[in-house]
Amino acid sequence: MLNHPVCLCAFRPFFLLSLVSGLISLFLWLGFLQGWWVLPATTSGIIVWHAHELLFGFVMASLAGFILTAMPEFTRTPDVRRQIFLGLAVLWVLGRITFWASGWLGIVPTAITNVGFSLGLWLYLQPRLLVNPLRRQWLFSMGLAGMAGISIGFYSDLLRDLYPMRWLHAGIGMMMALIVITASRIAMRIVNESIEALPINKDENDQDLPDEYRSTPPRRNLAVFCILLYTATHFIWPQASVNGWLALAAAASVFNVLNDWHVGRALFSRWPLQFYAVYWFMAVGYIVLGLQHLGMPIPASSGWHLLSIGGMSLSVFSVLCISGRTHSGHQLDERNWVNLVTCLIIIAAISRALAGWLDLPLNLLYLISGSTWLAAFSITLYYLAPVFLKPRPDGGKGCEEPL
């Protein structure tokens, strides 16, 4: 079993699990919204189940796969042993099973497995993240610790019979911060490769543009700070009007990050444009939340879904395509299905954000959003599953990029 290609590197099982769990969860949720079937009772309620599974199931699995693969490279430490990442993958699967069956099993088994996964991931990586004084990854460490703390808080509320949605909103905020941290690392490569791929002779309009993209730490750190500040105040004082101004500050700080991205025609290449769209969804999501806090008749769910579908889902797709393929020994995929999936995710985010506005048809928008999201990640699974399940085409035996 350990010799199967899926066990070659940590991202392979986790990326597959992310895709499969997301498709199953969203398919069941969409059918429930359309009245096609009734979902089994859980201790948290069906809305919390939906949010929890997409956050701690779909997104958390992709984060674990990425960080377990990338951290040895970032910190110059040995690759993660197969027994470790497979053990974490089993714990993640048990978390899904126990949470879905929590109406029958109760809260304790799902609390043990889900908290165990989030906490175990952070505790295992913590020594690596801070071992090298010249390469300490403080932001990653705090982000993983934050997700573990949010998981603990979520289940402590459930055990006390409290409604735990505040913890899931905090989890979305923490993921937004982690996306800013992670995207800056990936963008250093993809944007600069796009710049290098341009013709040597620049147009006149490009003369003053940079020859190299750099993610400047002050802008990135300011965005992380503003996002986490809004997340904290919304958690403590959810009805306070100051949340509106802090959400707008978070949006402004995300737009400020994009000032580093204005590199001319290279920006309109496939991969840079995907991450550029992620930042836009994040910024607009916080604008919507800010205006809602300040009294405008806008559903708060619109802002949260712009962050979750537009921000998180699109970033997950980009990471699966870029890190998943390159660390499997493949070149980046230039086929048209990538653009199709990107457009489908954008349609899913916008249509779900419009649900609840004025007199727009609610169930139809739910159906469009859910169907396009399912189509997007079904296509992704079709094209990427063989990459994760088959041996590397270049003869490599590890997680390195194409030989």
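Residues numbered from 1 in each chain as written. Predicted model: local features only at pLDDT ≥ 70, side-chain atom pairs only at ≥ 80, totals over all residues. Heavy atoms only, no water.

**Student:** I'd love a proper account of the side chain of H327, names of residues and values included.
**Tutor:** Within the secondary structure layout, H327 lies in the loop between α11 (300-326) and α12 (337-354). Among the polar contacts made by the side chain of H327, one reaches the main-chain carbonyl oxygen of C399 at a distance of 2.5 Å. Among all residues touching H327, those that are not within four sequence positions of it are F11, T69, E73, R392, G398, C399, E400 and E401. (Helix = DSSP H or I, 4+ residues; strand = E, 2+ residues; numbered from the N terminus. Polar contact = N/O pair within 3.5 Å; in protein donor to acceptor, adjacent residues only side chain to side chain. Contact = heavy atoms within 4.5 Å.)

**Student:** How would you sum up helix α3 (residues 82-100)? Please name residues and give values.
**Tutor:** Taking 1.5 Å per residue, 19 residues should reach 27 Å; α3 reaches 27 Å between its end C-alpha atoms and fits that length. Taken residue by residue, α3 has F85, L86, L88, A89, W92, G95, R96, T98 and F99 as its buried positions. Buried-residue contacts for α3 involve α1 (11-33), α2 (46-75), α4 (102-105), α5 (107-131) and α6 (138-159). (Expected span 1.5 Å × (residues − 1). Buried < 20%, exposed > 50% of the residue type's maximum accessible area, 1.4 Å probe, protein only.)

**Student:** Before we move on, can you summarise the environment of L358 with the specific residues and values?
**Tutor:** Tracing the backbone through its elements, the reader meets L358 in the loop between α12 and α13 (362-389). Through-space distance from the C-alpha of L358 to that of N339 is 31 Å; in sequence the pair is 19 residues apart.

**Student:** Account for a nonpolar patch on the surface, naming residues and giving values.
**Tutor:** Side chains of V90, L94 and I97 sit close together on the surface and give an oily, nonpolar patch of about 260 Å² of accessible area. Locating L94 in the fold gives a position in helix α3. (Patch = residues over 30% accessible without salt bridge, like charges linked within 9 Å, V, L, I, M, F, W, Y side chains within 5 Å. Areas by Shrake-Rupley, 256 points an atom, 1.4 Å probe, with all protein chains shown as cover. Salt bridge = Lys/Arg side-chain N within 4 Å of Asp/Glu carboxyl O.)

**Student:** So what's going on with the pattern of salt bridges? Which residues, and what values?
**Tutor:** Here the structure, examined in full by the defined rule, presents 10 salt bridges. Among the salt bridges present, the one from R96 reaches E53, with a minimum N-O distance of 2.7 Å. A residue pair is termed long-range when its members are at least 10 positions apart, and R96 in helix α3 and E53 in helix α2 qualify at 43 residues. We classify R96 as buried; its relative accessible area is 8%.

**Student:** Before we move on, could you go through the packing of α11 against α12 and cite the residues and values that matter?
**Tutor:** With their axes 8 Å apart at the nearest point, α11 and α12 run at an angle of 165 degrees to one another. Accordingly, the angle class assigned to the pair α11 and α12 is roughly antiparallel. Judged by the twist between their axes, the crossing of α11 over α12 is right-handed. The segment α11 lies against α12, with S301, S302, H305, L306, I309, G310, S313, L314, F317 and C321 engaging W337, V338, V341, T342, I345, A348, A349, R352 and A353. Counted by class, the contact of α11 with α12 contains 12 nonpolar, 6 polar and 1 charged residues. (Axes fitted to C-alpha atoms, helices over the stretch in contact; angles between N-to-C directions. Parallel < 35°, antiparallel > 145°, perpendicular 65-115°, else oblique. Left-handed = near helix turned anticlockwise from the far one by under 90°. Nonpolar A, V, L, I, M, F, W, Y, C, P; charged D, E, K, R; others polar.)

**Student:** An account of the state of the cysteines is needed here, citing residue identities and associated values.
**Tutor:** Per the stated rule, a full pass over the model turns up 1 disulfide. In this model, C9 is linked to C399 through a disulfide, with the two sulfur atoms separated by 1.7 Å. In this structure, the disulfide formed by C9 and C399 twists by about 115 degrees around the S-S bond and is classed as right-handed. Of the two residues, C9 sits in the segment before α1 while C399 sits in the segment after α13, which places them 390 residues apart along the sequence. Per residue, the accessibility class of C9 equals that of C399, and both read buried. The thiol sulfur of C343 is not disulfide-bonded, and the nearest other cysteine sulfur, from C321, lies at 13 Å. (Disulfide = S-S within 2.5 Å.)

**Student:** Explain the packing of α11 against α13 to me, and be specific about the residues and the numbers.
**Tutor:** In a packed pair of helices, the relevant descriptors are the angle between the two axes and the axis-to-axis distance. The geometry of α11 relative to α13 is characterised by a closest axis approach of 11 Å and an angle of 15 degrees between their N-to-C directions. The pairing of α11 with α13 is recorded here as roughly parallel in orientation. Note that α11 runs across α13; the crossing there is left-handed. Counting all contacts with α11, which are made through I309, S313, F317, L320, C321, G324 and R325, the residues of α13 involved are S369, W373, F377, T380, L384, V387 and F388. Considering only residue class, the contact of α11 with α13 consists of 9 nonpolar, 4 polar and 1 charged.

**Student:** Would you mind going over the nonpolar core in detail, with residue names and values included?
**Tutor:** Within the largest apolar cluster, 132 residues are counted, with the highest numbers of intra-cluster contacts made by F14, W261 and M282. Broken down by element, the residue count for this core peaks at 19 residues, all from helix α7 (residues 165-196). (Core = buried A, V, L, I, M, F, W, Y, C linked by side-chain atoms within 4.5 Å.)

**Student:** Give me the lowdown on the environment of W271, citing residues and values where you can.
**Tutor:** Counting through the fold element by element, W271 comes out in helix α10 (residues 270-293). Along the backbone, W271 and N339 are 68 residues apart, and their C-alpha atoms lie at a distance of 9.7 Å. For W271, the residues in contact, after removing those within four places along its chain, are I190, C321, I322, L332, D333, E334 and V338.

**Student:** So what about α10? Which residues, and what values?
**Tutor:** Over its 24 residues, α10 extends 35 Å from the first C-alpha to the last, a length consistent with the 34 Å expected when each residue adds 1.5 Å. Following α10 by one or two positions, G295 has its phi on the positive side, about 110 degrees.

**Student:** Please give an account of unusual backbone geometry that cites residues and values.
**Tutor:** One non-glycine residue, R76, lies in the positive phi region at around 55 degrees. Among the structural elements, R76 can be located in the loop between α2 and α3. The phi torsion at D161 lies on the positive side, around 60 degrees, for a residue other than glycine. Secondary-structure assignment places D161 in the loop between α6 and α7.

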